[in-house]
Structures are given as C-alpha cells and as structure tokens.
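A look at the structure
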Amino acid sequence: MISVENLTKSFGKFRALDNVSVSFDRGNTISLIGPNGSGKTTLIKSILGLVIPEKGMIRINNTEIRSNPAYRSQIGYMPQIGRYPENMSIAQVVSMLKEIRKDCTSYDEELIDGFGIPAIQNKTMRSLSGGTRQKVSACLAFLFRPDIFILDEPTAGLDPISSELLKSKIIKERANGKLILITSHVLSDLDDITSHIVYLQDGKLMFYKEVEELKESTGEEKLNKVIATIMQTDYLKVHAL
Amino acid sequence: MKTIVKYVLLDLLRNKTILVYTFILAVLAVSVLSMSGNSSKGLLSLLNITLLFVPIISILFATIYFFNSVEFTELLLAQPIRRNAMILAEYTGVAFALSIAYLVGIGLPSVLLNYSLASLTLIVSGVLLTLIFTALSLLIFVLFKDKTKGIGAAIITALFFTLLFDGLLLSFIYSFSDYPIDKPLLGFISLNPVDLGRILVLLQLDVAVMMGYSGALFKEFMGSAIGSVYSIACMSLWILLPLVISVRKFRKKDL
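Quick summary incoming for the structure in this document. (Residues numbered from 1 in each chain as written. Chains lettered and ligands numbered in written order. Predicted model: local features only at pLDDT ≥ 70, side-chain atom pairs only at ≥ 80, totals over all residues. Heavy atoms only, no water.)

1. Structural notes on the overall build of chain B
Heads up, the condition is: The helix and strand labels rest on DSSP assignments: H or I over at least four residues marks a helix, E over at least two residues marks a strand, and numbering proceeds from the N terminus. The globule rule is 2.2 Å times the number of residues to the power 0.38, and the radius of gyration it is compared with is taken over C-alpha atoms. Buried, partly exposed and exposed residues are distinguished by accessible area as a fraction of the type maximum, computed with a 1.4 Å probe on protein chains only: under 20%, between the cut-offs, and over 50%, respectively.
A count of helices and strands for chain B gives 11 helices and 0 strands. Element order for chain B, N to C, with α for helix and β for strand: α-α-α-α-α-α-α-α-α-α-α. Relative to the compact-globule value of 18 Å for 255 residues, chain B shows a C-alpha radius of gyration of 19 Å, a close match. Each principal axis of the C-alpha atoms in chain B carries an extent, and together these give about 60 × 45 × 30 Å. Looking at chain B as a whole, 53% of its 255 residues are labelled buried.

2. Topic: the overall build of chain A
We apply this condition: Contacts are assigned to residue pairs that have any heavy atoms within 4.5 Å of one another.
Helix and strand counts for chain A stand at 9 helices and 10 strands. In summary, chain A has a C-alpha radius of gyration of 18 Å against a globular reference of 18 Å for 241 residues, a match within 12%. In terms of overall dimensions, chain A has a C-alpha envelope of 55 × 40 × 35 Å along the principal axes. Out of the 241 residues belonging to chain A, those deemed buried represent 53%. When contacts within chain A are restricted to residue pairs at least 6 apart in sequence, those whose partners lie at least 24 apart make up 68%.

3. Description of helix α9 (residues 193-202) of chain B
The condition is simple: In protein, a polar contact means a hydrogen-donor-capable atom and an acceptor-capable atom, both N or O and within 3.5 Å, with residues adjacent in sequence counting only if both atoms are side-chain atoms; elsewhere, any N or O pair within 3.5 Å suffices.
Burial of α9 of chain B is extensive: 9 of the 10 residues sit out of reach of the surface. N-cap assignment for α9 of chain B: the residue whose side-chain oxygen lies 3.0 Å from the backbone N of V194 of chain B is N192 of chain B.

4. Let's talk about a nonpolar patch on the surface
Residues and elements named next belong to chain B. The criterion, for reference: Like-charged residues within 9 Å of one another, or nonpolar side chains (Val, Leu, Ile, Met, Phe, Trp, Tyr) within 5 Å, are grouped into patches, provided each residue has over 30% relative accessible area and no salt bridge. Per-residue and other accessible areas were derived by the Shrake-Rupley procedure at a 1.4 Å probe size, with only the shown protein chains allowed to occlude residues. Only one rule defines a salt bridge in this text: a Lys or Arg side-chain nitrogen within 4 Å of an Asp or Glu carboxyl oxygen.
A surface patch of nonpolar side chains, about 470 Å² in accessible area, is lined by V30, V104, L108, L112 and L113. Among the elements that make up the nonpolar patch, the one with the highest residue count is helix α5 (residues 83-113) (4 residues). Here L113 is to be found in helix α5.

5. Some details on the interface of chain B and chain A
Stated precisely, the cut-off is as follows: Accessible-area loss on putting two parts together, using a 1.4 Å probe and summing over both, is the definition of buried area adopted here.
If you look at the interface, chain B gives 28 residues, while chain A gives 33 residues. In total, about 2900 Å² of surface goes out of reach between chain B and chain A, with carbon and sulfur atoms giving 56% of it. By the criterion of area lost to chain A, the three top residues of chain B are Y7, F72 and L75 of chain B, representing 21% of everything that side buries. Connecting chain B to chain A are 3 salt bridges. D254 of chain B is the salt-bridge partner of K9 of chain A, the closest N and O atoms lying 2.7 Å from each other.

6. As for the packing of aromatic side chains
Residues and elements named next belong to chain B. Here is the rule we go by: For Phe, Tyr and Trp, rings pair up if their centres lie within 6.5 Å, where Trp contributes its six-membered ring, and each pair is then called stacked (planes under 30 degrees apart), edge-to-face (over 60) or tilted (otherwise).
Overall, the coordinates contain 17 aromatic pairs over all chains when judged by the stated rule. Consider the rings of F66 and F141, whose centres lie 5.9 Å apart with planes at 35°: the pair is tilted. One end of the pair, F66, is in helix α3 (residues 39-68); the other, F141, is in helix α6 (residues 117-143), with 75 residues separating them in the sequence. Take F66 and F141: they sit in the same class, and that class is buried. Centroid distance F172 to F176: 5.2 Å. Interplanar angle 50°. Geometry classified as tilted. Since its relative accessible area comes to 38%, F176 is described here as partly exposed. Counting every residue linked through ring pairs, the aromatic cluster contains F133, F160, F161, F165, F172, F176, Y179, F188 and W238.

7. Details of unusual backbone geometry
Most peptide bonds take the trans form, and the phi angle of most residues other than glycine is negative. All names here are of chain A. The backbone of N6 shows a phi angle near 45°, a positive value even though the residue is not glycine. Checked against the element boundaries, N6 lands in strand β1 (residues 2-11). Positive phi outside glycine occurs at D202, with the angle close to 50°. Topologically, D202 is positioned in the loop between β9 (196-201) and β10 (204-210).

8. Quick look at the pairing of β1 of chain A
Residues and elements named next belong to chain A. Keep this limit in mind: Note: two strands are recorded as paired if DSSP finds a minimum of 2 bridges between them.
Looking at chain direction, β1 and strand β2 (residues 14-24) are connected through 7 bridges and run antiparallel. Its bridge partner lying in β2, I2 is registered against F24. Alignment of β1 against strand β4 (residues 55-60), held across 5 bridges, turns out to be antiparallel. Each residue of the ladder has a partner; that of E5, found in β4, is M57.

9. Description of the pairing of β9 of chain A
Every regular strand shows the same layout, with side chains that alternate between the two sheet faces. Residue and element names in this part refer to chain A. Along β9, 5 of the 6 residues are buried, which leaves the element largely enclosed by surrounding structure. In terms of strand pairing, strand β3 (residues 29-33) meets β9 through 4 bridges, oriented parallel. Across the sheet, I33 pairs through a bridge with Y199, a residue of β9. Here 6 bridges tie β9 to β10, and the two strands are oriented antiparallel to one another. Bridging across to β10, I197 finds its partner in K209. Connecting the antiparallel pair β9 and β10 is a turn made up of 2 residues, with D202 showing a positive phi of about 50°.

10. Considerations on the state of the cysteines
Selection criterion: The rule for a disulfide is simple: a pair of cysteine sulfur atoms within 2.5 Å.
Scanning all chains against the criterion turns up 0 disulfides over all chains. The cysteine C104 of chain A is free of any disulfide, with C139 of chain A supplying the nearest cysteine sulfur at 15 Å.

11. So, a negative patch on the surface
Under the convention used in this document: His is not counted, nor are the chain ends; Lys and Arg add positive charge and Asp and Glu add negative charge. Lysine's charge is taken at NZ, arginine's at CZ, aspartate's at CG and glutamate's at CD.
Judged by side-chain charge, E210, E212, E216 and E221 of chain A come together as a negatively charged surface patch. The residue E216 of chain A is located in helix α7 (residues 211-218) in this model.

12. So, the packing of α6 of chain B against helix α7 (residues 147-175) of chain B
Residues and elements named next belong to chain B. Stated formally: To define axes, lines are fitted to C-alpha atoms, for helices over the stretch in contact only, and angles between the resulting N-to-C directions are given on a 0 to 180 degree scale. Handedness of a helix crossing follows the sense of rotation of the near helix relative to the far helix, less than a right angle counterclockwise being left-handed and clockwise being right-handed.
At a minimum axis separation of 10 Å, α6 and α7 run at an interaxial angle of 145°. Taken as a pair, α6 and α7 cross one another with a handedness that is right-handed. Contacts from F133, L136 and I140 in α6 reach G150, A153, A154, T157, A158 and F161 in α7.

13. Quick word on a positive patch on the surface
A cluster of like positive charges, contributed by R66 of chain A together with R248, R251 and K252 of chain B, occupies part of the molecular surface. With respect to the secondary-structure elements, R66 of chain A resides in the loop between β5 (63-64) and β6 (75-78). For R66 of chain A, a relative accessible area of 52% corresponds to the exposed category.

14. Quick word on the sheet that holds β3 of chain A
Residue and element names in this part refer to chain A. Reading across from one edge, β6-β7-β8-β3-β9-β10 is the order of the 6 strands in this open sheet, with mixed pairing throughout. If you trace the sheet from one side to the other, it starts and ends with β6 and β10, each paired once. Geometrically, the sheet is characterised by an average inter-axis angle of 15° between neighbouring strands, direction not taken into account. By the bridge criterion, 4 bridges tie β3 to strand β8 (residues 179-183) in an arrangement that is parallel.

Structure follows, in structure tokens:
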C-alpha cells in the first residue's frame, strides 16, 4: 500500500533519514519507534508530502506521490501537536475541513460522539486544553474514512478513558483492512494494537518485524520489555538483522 | 482556496490585535481630522500616521500570524490541497483582514469627514502598503524556519523601509548634489514602497509646491496621470514579486 524506496533526507549536516526502504501493507498496525531524532516524524512527513526528501521514492497504491496532492485524500493524519486558529470554534474547524473535502460525503463521526465533542463544539480553540485539542485532531483524522491512518503520538496527553476509546477505534479500523502507522514513546499504549514494529535509529532502519516474532525471540510478553531486551542485548547482531 | 480564505478571515476579524489596531487608527483619524481646520494639514497628519503604523503593524502581525499557524498549515496540507493554493489563501485572508482594519480605521473617517481626491489617494496608498508589507512577511515566513529570526527580520525590514532608506537617500542626494540626479532619484525612490506611497499622496496635496526643484519635477512626473499610474504599478510589483518568490520557495519548504 505504501512503499518507500531509498529515502534520504538531511537537514543541513544532519541526516534525518538515511537510505530507508520499507513497505507497509493494509490490515496492519505498524508502530514506528526509536529514540528522539531518529527520523520517525521525518518519515511520516515525507509520506504526507510535508517534507521534501532529496533522494528516493514513495509510492502509495503504486502511484508516486510527487507533485500530485490528490493521494492525500486517502490519508487521515493526526499531528503530534495540534494548533488551530485561536478564534475558531471546534464546529467551525470541523465544517471548514468538510468544505475543503467536498469529495467525501459520508463521515465517520464515531469519535466525535465518543469524545463528547458536540457538547463543547462552540468553544474556541484557544480556550481548549491540550488534551481536548488532541481529541479534535483525532476526530479529524478519522472523519473522512481514509484507507491509511498516520498518527503521530496519538495518545500523548489524552486521559485514560479517551486513550482507550482511541485504541479500540484503531483496532476496529485495522479489522476493516485499513493501514495504520503510529509513532509513540508510550510503548504500553501500543501493546494490544500493534502488529509490526519498525525501529529507526540515527535515520537508519534497524529492523522491521512482526510483534509476535519479536516476542518469541526475546521470550518477553510485554512490548516495553521486548524493546528493552533488544536494546540491552546484542539482539541485532545475534539475529543478524 | 475560497474556503480557507473565508475561515482565516472569520478567525482574524475576531482577533483582538486587529480590533485594537482598527480602533486606534479610527481614534487618530477622527481626532486629527476634526481638530485641524485646514483639510490639507489633517490629511498630511493622517499620511504620517499611515506611513508610521501600517508598514510595521502589517509586517509584524502577519509574520507572527504565519509562524503561529504553521501547525494548522501542516494539517491542511495533509489534505488534498496544493501548496500554492494554501499559501495564497493564507496571504489573502491576512491581507484582507488588515486592509479592512485600515479601511474602517482611516478610510471611513476620512471619506466621511473630508471627502476629496487626496483622501481617496491616501486610502489607496494605505491599502497598497498593507498588501505590500503582508507580502513581504509571507516571504520572510517562507525564507526563515525559526520564528524568532523571522520576527527579527520583519522588524529590520520595516525599519529599513521607513527610516534607513530615507537616510541612504539623503546621503545620496547630498554626495551627488553637484550633478543632475533628479531622474536617478525617481528610480531610487521606486525601490521603497513607503516613499512611493508618500509621494502618491503628497502630490495630491498643495504642499507639493513646497518641495523645491525636485518637487516640481515630481509634480510634473508623478502628479500627472502617468506618474500616478507609474507609482501604483511600482507598488503592485512590490506586492507581486514577494508573492511569486514565496510561492516558488514554499513548494520546496520542509514543514
């Protein structure tokens, strides 16, 4: 569904992505993990066309993404930090996006109702807490029933109930055959929803494995333990990844 | 694109800075116009207020607005929208809001209290300056990645055109005073939109005769219809060029 080939991007001298090739298929939830500055957000933004890579190619459904923005109608994006025009109300932001996306006529408003947005829809964006803004971002990502979801730290700042609601929504969409890309530092949140792990370090792809396989080879059950084991031992060398 | 312009405007017309800006301009305009008996004097003061406030407020407000809406721009660009359309829509929204503020603050009082060709010229010149300095701030936003540096560049740009440029101009006139420099001077002045705006209005007022020999030359050239068209054309170029460069640079900008 998404295929990335030899993607390279530098910011000045800093190599954010170094010759990364990877492909993601529908029906999977793929977690991008890695330390700060490892290139997760750059990879996501390259797929969205927000960052222009200097080398490499990205294809979505076998079409190269360069220069044609139409492909983005298949993607629902939830940014890490949601900031909106201060004096707009939630209802205005939602109706603005609906007007922009005239091509879409059926809306997925499950999260809007689940988060209780209608009750606060006339509040201005300025008056909202970080968590509530995060909820608005989540609602917008799911609103137009896209085939691909790109969620950048989706659960950061959400209360436990909302976080669970979002996670069950992610599981449901995956069951519908959608592709979900998540970055997160909160590994425990990814536990029940992830099918694959992509590990990036210093802009390089260290490994791309199924979660079950990783659990077996490390002998751990929890995702954070799995990753910790990988980091501490010379797992990468031993398994020649 | 229309949708984005509409919602940016909806947001900005409730923005406190815009409201305060409109209010201060209106208070100044009404008090200046009702105080002086001589309408030419009143307009001259309004011209000075325009040349002092419009460039710096427009460029600062717009630069801060563009930098603050980076995340929102990102969110909209994750939709199937072209980059050109997005950035031009943002420009149109901000420029429109600032122009409305100027029209209500200075335009309305001067048309109501002192209707004349000179007042209309002042309004045209003020709106053009708003559009120019908003375009320059878009260029600053596209060229700089960091908000603080961007705001610094905005302040320097505004100061350059309102203060520094005239200093350079004076030293140019002083050091070449033995030569016939009137025509090069005309060209030199085209490089500063603030001066163009000033001359456009001054030549509609009686004070133009006070400007001496070069004043007479300007009056002959700029006071004529061709002169006005020339300065408006130059000011339009001052809007278009930054916009074209911004759109081109923005295509390759990493967000």
